[in-house]
Amino acid sequence: KVLSIRDIPGVNPAIADKLEAAGYSSAWTVVVARVDELAEKTGIPPTVLQKVIENARRALGITFKTAREVKLERLNIKKITTGSKSLDDLLGGGIETKTITEFYGEYGSGKTQICHQLSVNVQLPPERGGLSGKAVYVDTEGTFRWERIEAMARGLGLEPDQVMDNIFYMRAYNSDHQVSIIDDLFTFVPKNDVRLVVVDSVTSHFRAEFPGREHLAERQQKLNAHLHQLMRLAEAFNIAVVVTNQVMARPDVFYGDPTTAVGGHVLAHTPGVRIQLRRSKGNKRIARVVDAPHLPEGEAVFIITEEGIRD
Ligand code: ADP
Ligand code: MG
């Protein structure tokens, strides 16, 4: 199912060696890369790369689609249950494939718990709200807990060890590492039945490495490129991509930072679904969909229990 670099017509072994050495092993990784970035990393002349990319596109069948084909692809979108009926209803049935869903909110609002829950739920069969698939969990803050996965699996009557075997975990140590992990997923995802990719949190390294207003433009540019990379991943393989973004309770502290000025989310220029999470009394949390013309306005209340996300 995965078309390798060597399967692209017209790619000789010398070119394939250079591409592979630079980390481009499947046809998809080449198709979604930019010529200048490929040339820089491989030393292959841009004119040659242009030809490779064209051939890869053709081999992968990337071409015009009719409107009806677009419709059929839309119908192909699948949903993963969050574990809460009320949150699922707010989302029009659950977390969608072929798109990025951003959960943003302050510390303790439940972002990481939802990521854990979705990594378990994606493994459920379709009749129980899953995709019978596996999950990739990219952790930038070190807040992943296998104990939570175990408890959530038990809560659903699933075999905990089996559920944990189906979650591929990686800690990302800086923003470059984070970007390169996602690059590699263009090969890893189709080979391993992955239907959900989590990045918790998508913003923390970028915020730490590009602090303050003087780095804002650069940070936003790098973050946008990363989000587009994730968007292409979601579309290419019909998988769900879920990212989190921690925002402060008092946006006025960050006066002048447009990421909070527009309501705290960073996905303003990327298509996707944005959900704001807030703490309520006790284990109650409130979710609100932000700027989603296709979803009704409103809020959902859910709870976080030992067994996971529930109504
Ligand atoms: P965020 O990622 O938004 O900072 P989390 O997803 O880590 O927040 O949510 C932390 C909250 O989840 C805790 O404050 C607690 O209310 C709840 N929580 C975490 N573990 C458990 C558990 N084992 N049982 C019940 N609730 C839990
Ligand atoms: Mg968290």
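As a reminder, the structure under discussion sits directly above these lines.
Throughout what follows, the structure given in this document is the object of discussion. Because the structure is predicted, anything quoted here is derived from the model rather than measured. (Residues numbered from 1 in each chain as written. Chains lettered and ligands numbered in written order. Predicted model: local features only at pLDDT ≥ 70, side-chain atom pairs only at ≥ 80, totals over all residues. Heavy atoms only, no water.)

**Overview of the site of ligand 1**
Inclusion rule: A cutoff of 4 Å decides nearness: a residue is near a molecule or strand if any of its heavy atoms lies inside that distance of it. Here a polar contact is taken to be a pair of N or O atoms separated by no more than 3.5 Å, where protein atoms must pair a possible hydrogen donor with a possible acceptor and residues adjacent in sequence count only if both atoms sit in side chains. Residue exposure ignores everything except the shown protein chains as possible cover, and the areas themselves are Shrake-Rupley values with a 1.4 Å probe. Per the convention used, a helix needs a DSSP run of H or I reaching at least four residues, while a strand needs a run of E reaching at least two, with both numbered from the N terminus. Each residue gets one label: Ala, Val, Leu, Ile, Met, Phe, Trp, Tyr, Cys and Pro are nonpolar, Asp, Glu, Lys and Arg are charged, and the others, such as Gly, are polar.
Lining the immediate environment of ligand 1, one finds 14 residues, of which Gly-108, Lys-111, Thr-112, Gln-113 and Glu-306 sit closest. Here Lys-111 contributes a side-chain N or O atom positioned 2.7 Å from an oxygen atom of ligand 1. Contact distances for ligand 1 include 2.8 Å between a nitrogen atom and a side-chain N or O atom of Glu-306. Relative to its unbound accessible surface of 570 Å², ligand 1 loses 70% to contact with the protein. Those elements that provide at least two residues to the shell around ligand 1 are α7 (111-121) and β10 (299-305). It is α7 that provides the largest number of residues to the shell around ligand 1, a total of 3 residues. Each residue belonging to the shell around ligand 1 can be placed in one class, and the counts come to 2 nonpolar, 6 polar and 6 charged.

**Overview of the side chain of Asn-166**
So the rule is basically this: Here, two residues are considered to be in contact whenever any of their heavy atoms come within 4.5 Å of each other.
Structurally, Asn-166 can be placed in the loop between α9 (160-165) and β5 (167-171). Excluding anything up to four places from it in sequence, Asn-166 contacts Gln-123, Lys-134 and Ala-135.

**Here we look at the sheet that holds strand β4 (residues 134-139)**
Convention followed: Two strands pair under a simple rule: DSSP has to find at least two bridges between them. Helix axes use the C-alpha atoms of the stretch in contact, all axes being lines fitted to C-alpha atoms, and the angles between their N-to-C directions lie in the range 0 to 180 degrees.
Taken in spatial order, the 9 strands line up as β5-β4-β6-β7-β3-β8-β9-β10-β11 in an open sheet, and their pairing is mixed. Unpaired on one side and paired on the other, β5 and β11 (308-310) mark the two borders of the sheet. Within this sheet the neighbouring strands show an average axis-to-axis angle of 25°, counted without direction. In this sheet, β10 lies alongside strand β9 (residues 284-290) in antiparallel orientation, the contact comprising 5 bridges. Within β10, the residue paired with Ala-287 across the bridge is Ala-300. Those strands touched by helix α10 (residues 175-191) are β4, β5 and β6 (194-200), and its axis lies near 175° from that of β6.

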